[in-house]
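Architecture at a glance
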Amino acid sequence: MRLLILGGTSEARELAARLVDDADITSSLAGRVAEPRLPVGNVRIGGFGGVPGLRKALVEYDAVVDATHPFALGMSANAAAACALDGVPLLRLERPGWHPDPAWHYVDSHEEAAHAAAGLGARPFITVGRRELPRLLPALDAYPVLTRVVDTPEMTVPDNWEVVRSRGPYSLRGELALMQRHRCDVLVTKDSGGTYTWPKMEAASLLGVEVVIIRRAAGPEGVPTVNLVDAAVAWVMKHA
Ligand code: NAP
């Protein structure tokens, strides 16, 4: 079984580790992060070149698991289209979103999140990834924003914004200390789900920090989807 795992997540790395002795695994990373955590097995890095490029690459694989991040919608759409056109079995492995807290403010876009945060607090803490920051800038450029990113943002960051660079997983203790030190009063996040970044949600709740959370958009229709790595392993074994 020659399996392509579309990765960039902890679940994708876990899946590669679970299958590396039973299948010929290649994990694909977008190449966005300067020093990515590499999965075991073969790794390829960089975009495929849209659906046509992915279709060309698919001749080398028997099946695909799309284990990309819940907000990596472009890659998921391309995988669904290319696999459907070429009859390649495709599974979506997607971690569930966080269990909603009635106190959270759900929004549908990054722009809406910025406007909501501006109305809720004076010192926003933004954790949506560096590539989405420009979408929050217009509503928050006058605010003393604290933003946390893995790599330095490409955009010019306003002088009154503070950037901290780090990569999860995070601890509750660390998140409490960070939010208290910077006196953050509103947290902006995507509904990423999972455990790596959950402590900031706990810290916000304990500190009475407002939470603005960006909802997930629906992924491509008709792609079988599982939430757990165990279920993805079982699917691969069934197709092997
Ligand atoms: P995206 O918007 O869905 O993807 C845009 C383009 O990047 C895709 O069309 C594809 O280029 C390339 N790409 C994305 N994921 C790829 C992969 N695993 N392997 C090869 N090419 C890939 O994705 P994104 O939101 O920028 O995310 C990029 C990567 O970071 C993903 O692998 C994702 O799992 C990971 N990640 C994303 C987030 C997030 O919040 N979005 C958070 C954590 C990790 P071509 O069209 O040229 O093939």
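For the structure itself, consult the block above.
Conventions we followed
Residues numbered from 1 in each chain as written. Predicted model: local features only at pLDDT ≥ 70, side-chain atom pairs only at ≥ 80, totals over all residues. Heavy atoms only, no water. Patch = residues over 30% accessible without salt bridge, like charges linked within 9 Å, V, L, I, M, F, W, Y side chains within 5 Å. Areas by Shrake-Rupley, 256 points an atom, 1.4 Å probe, with all protein chains shown as cover. Salt bridge = Lys/Arg side-chain N within 4 Å of Asp/Glu carboxyl O. Helix = DSSP H or I, 4+ residues; strand = E, 2+ residues; numbered from the N terminus. Buried < 20%, exposed > 50% of the residue type's maximum accessible area, 1.4 Å probe, protein only. Axes fitted to C-alpha atoms, helices over the stretch in contact; angles between N-to-C directions. Parallel < 35°, antiparallel > 145°, perpendicular 65-115°, else oblique. Left-handed = near helix turned anticlockwise from the far one by under 90°. Contact = heavy atoms within 4.5 Å. Arc of directions from axis to C-beta. 1 Å grid on protein atoms, 1.4 Å probe; cavity = no way out; pocket = protein on both sides within 12 Å on 5 of 7 lines; lining within 4 Å. Points joined across faces, edges and corners; volume = space filled by probe spheres on them. Nonpolar A, V, L, I, M, F, W, Y, C, P; charged D, E, K, R; others polar. Pairing = 2+ DSSP bridges. Near = heavy atom within 4 Å. Polar contact = N/O pair within 3.5 Å; in protein donor to acceptor, adjacent residues only side chain to side chain.

On the surface, a nonpolar cluster with roughly 270 Å² of combined accessible area is contributed by Leu38, Val43 and Ile45. Tracing the sequence through the fold places valine 43 in strand S3 (residues 42-45). Residue valine 43 is classed as partly exposed on the basis of its relative accessible area of 32%.

The description of two packed helices rests on the angle between their axes and on the distance between the axes. Axis separation between helix H2 (residues 50-58) and helix H3 (residues 73-86) bottoms out at 9 Å; the angle between their running directions is 55°. Between H2 and H3, the angle is such that the two are oblique. As for the relative orientation of H2 and H3, their crossing is right-handed in sense. Where H2 abuts H3, its residues Gly50, Val51, Leu54, Arg55 and Leu58 lie against Met75, Asn78, Ala79, Ala81, Ala82, Cys83, Leu85 and Asp86.

All buried positions along helix H6 (residues 172-181) are accounted for by Glu175, Leu176, Leu178 and Met179. End-on, the buried residues of H6 take up no more than an arc of 165°, which puts them together on one face. Across from the buried face of H6, at angles greater than 90 degrees, the exposed residues are Arg173 and Arg181. Each element contacted by the buried residues of H6 is listed here: strand S7 (124-127), strand S8 (146-149) and helix H7 (198-207). Backbone geometry just downstream of H6 places arginine 183 in the positive-phi region, at approximately 55°.

Here we come to empty space enclosed by the protein. Rolling a probe over the atoms, with the probe sized like a water molecule, indicates the empty space that remains. Scanning all chains against the criterion turns up 1 cavity of 30 Å³ or more. A volume near 30 Å³ is recorded for the largest cavity. In terms of lining residues, the largest cavity is bounded by Thr9, Glu11, Ala67, Thr68, Pro70, Arg92, Leu93, Glu94 and Arg95. Of the residues that constitute the lining of the largest cavity, the class distribution is 3 nonpolar, 2 polar and 4 charged.

Quick look at the sheet that holds strand S4 (residues 63-66) now. With parallel pairing, the 6 strands of this open sheet are ordered in space as S3-S2-S1-S4-S5-S12. Sheet topology places S3 and strand S12 (225-226) at the edges, where each strand pairs with a single neighbour. Each of strand S1 (2-6), S4, strand S5 (90-93) and S12 is contacted by helix H8 (residues 229-239), which is oriented at about 170° to S5, the strand it contacts most.

Taken together, the neighbourhood of the ligand is formed by 23 residues, with Ser28, Arg32, Phe48, Arg131 and Lys190 sitting nearest. Within the contact set of the ligand, an oxygen atom lies 2.9 Å away from a backbone nitrogen or oxygen of glycine 74. Interatomic distance of 2.8 Å between a backbone N/O atom of methionine 75 and an oxygen atom of the ligand. When the ligand sits alone it has 810 Å² of accessible area, and the protein chains cover 77% of it. Among the secondary structure elements, those contributing two or more residues to the shell around the ligand are strand S2 (24-29) and H3. A total of 4 residues in the shell around the ligand trace back to one element, the largest contributor, which is H3. In terms of residue class, the shell around the ligand is built from 7 nonpolar, 12 polar and 4 charged.

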